[in-house]
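Architecture and fold: a report
The residues making up each chain are set out below.
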Amino acid sequence: MSQDSTTVPETSRKLSGRRRREIVAVLLFSGGPIFESSIPLSVFGIDRQDAGVPRYRLLVCAGEDVPLRTTGGLELTAPYGLEALSRAGTVVVPAWRSITQPPPAAALDALRRAHEEGARIVGLCTGAFVLAAAGLLDGRPATTHWMYAPTLAKRYPSVHVDPRELFVDDGDVLTSAGTAAGIDLCLHIVRTDHGADAAGALARRLVVPPRRSGGQERYLDRSLPEEIGADPLAEVVAWALEHLHEQFDVEALAARAYMSRRTFDRRFRSLTGSAPLQWLITQRVLQAQRLLETSDYSVDEVAGRCGFRSPVALRGHFRRQLGSSPAAYRAAYRARRPQGGPAERTDRPDRADRLERLERADRSDRAEVIEQRSGDHSLPLRRPGVPGGHTGHPGHPPHHGHAPHPEPGKPESDAYAPRLPEQAAGRAPGRPSLPGQRERPVG
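As the structure is a prediction and not an experimental result, all values here were calculated from the model.

What counts and how
- Residues numbered from 1 in each chain as written.
- Predicted model: local features only at pLDDT ≥ 70, side-chain atom pairs only at ≥ 80, totals over all residues.
- Heavy atoms only, no water.
- UniProt positions renumbered as here; feature names shortened; annotations may be inferred.
- Helix = DSSP H or I, 4+ residues; strand = E, 2+ residues; numbered from the N terminus.
- Axes fitted to C-alpha atoms, helices over the stretch in contact; angles between N-to-C directions.
- Parallel < 35°, antiparallel > 145°, perpendicular 65-115°, else oblique.
- Left-handed = near helix turned anticlockwise from the far one by under 90°.
- Contact = heavy atoms within 4.5 Å.
- Nonpolar A, V, L, I, M, F, W, Y, C, P; charged D, E, K, R; others polar.
- Core = buried A, V, L, I, M, F, W, Y, C linked by side-chain atoms within 4.5 Å.
- Buried < 20%, exposed > 50% of the residue type's maximum accessible area, 1.4 Å probe, protein only.

Regarding the UniProt feature "transmembrane region" (unreviewed entry) in the protein chain
What UniProt calls "transmembrane region" (unreviewed entry) maps, in this numbering, to residues 23-46. Note that residues 23-46 is 50% helix and 25% strand, and that its end C-alpha atoms are spaced 13 Å apart.

Take a look at the structure:
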């Protein structure tokens, strides 16, 4: 996810005459969590012109004709109904009460009509399920809370769910991950409408960073998706989690499932919302993260115990997912969480010493990666058969060309090999992308 691009996707429809770009409608339902519901109310509903933030006009709308009860039994009263959506240039669905229940038909009709008339439609967290039920995410990239991403992918197979992103901007339809990621997306909307200065001023008032680096990967856990329990792939996924210390690739998992690689990829993605190769790499990095926190193994030993073929491969994937080298992560973790009592804490190095140690570790890791890449041309820098090292995330089916024959003793998968940042992101070098944005599939 690039944090530097200022290019935004073009909206596909012109805003109809009765709608105003500065009007934001927030669609609330009964049973929605109060935190997610309050995010767009705070961002778009408070006048902060004194801080340099342009003013929006907020319309809070009830999505159904029932008492709007939220977290803790609080009851809300929305001043507007669905008819007010006809005036909004942006419609935000901050949450939906249950991923297993269908949203009200009248609300879905109102969202479709708003989209047809050029309004920007935004789904925060489980609000993505409402947009998907309205058909607004068909054929589009989208995200939601990582815990619900497999369910969204399985229930709406035409949606290209990417559980790694904090938010996805597809022009006139935007979605975000869970809870605080809604703030990231709302700040992105302000930045798109009024520029970086306005978004920065708003972020300072909210006491949050203007941009967060990385995605949801650092928050994923080893839990199996809720709906995978009765599926034949459940045994294969459980086996993979128990044998992360062994060197195996996706071909081995497909063989255990008695499926072709193509069928396995399709079934796996429908269950988890992620391509199997990316899922496997993520699980290995998470295991490395736990070992760095709880053991004294060297980085080389951690790499071996997590199934990476070399520490260079571990460092590349670790930095891509968590934003730091393994050594720097361990040092920072131990600086935050001392192992001893008060007496030991007084002996810790001061902040300057710790920062110097982290910088040395980062320089050492970068030097080793550069040396390895320049001196050992046998290491694959891209996935065999896939131009640009694409990882095959939802919405971008893998290319099934013939892979070059690997050297003896080397795995066919790139789960153990470093890739360039552009290749890891699945795009050609030098091509800009938005923070949190996944490009539309070509063709």
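From this point on, the discussion continues.
Focus on the packing of helix α1 (residues 34-45) against helix α5 (residues 181-194)
Running from N to C, α1 and α5 cross one another at 25°; their axes reach a closest spacing of 10 Å. Compared by their axis directions, α1 and α5 come out roughly parallel. Between α1 and α5 lies a crossing of right-handed hand. Here I39, P40, V43 and F44 of α1 come into contact with α5, specifically with G182, I183, C186, I189 and V190. Of the residues contributing to the contact of α1 with α5, the split by class is 8 nonpolar, 1 polar and no charged.

Notes on the nonpolar core
Formed by 36 residues in total, the largest nonpolar core has its most connected members in L27, L85, V91, L111, I121 and L137. Going through the elements one at a time, β1 (20-28), β2 (57-62), β5 (88-93), α2 (105-116), α3 (127-133) and α4 (149-155) are the ones with two or more residues in this core. Setting aside its immediate chain neighbours within four residues, L137 contacts A128, L131, A132, A142, S158, V159, V173 and T175. V237, W239, F248 and L253 belong to the second largest nonpolar core, which has 35 residues in total.

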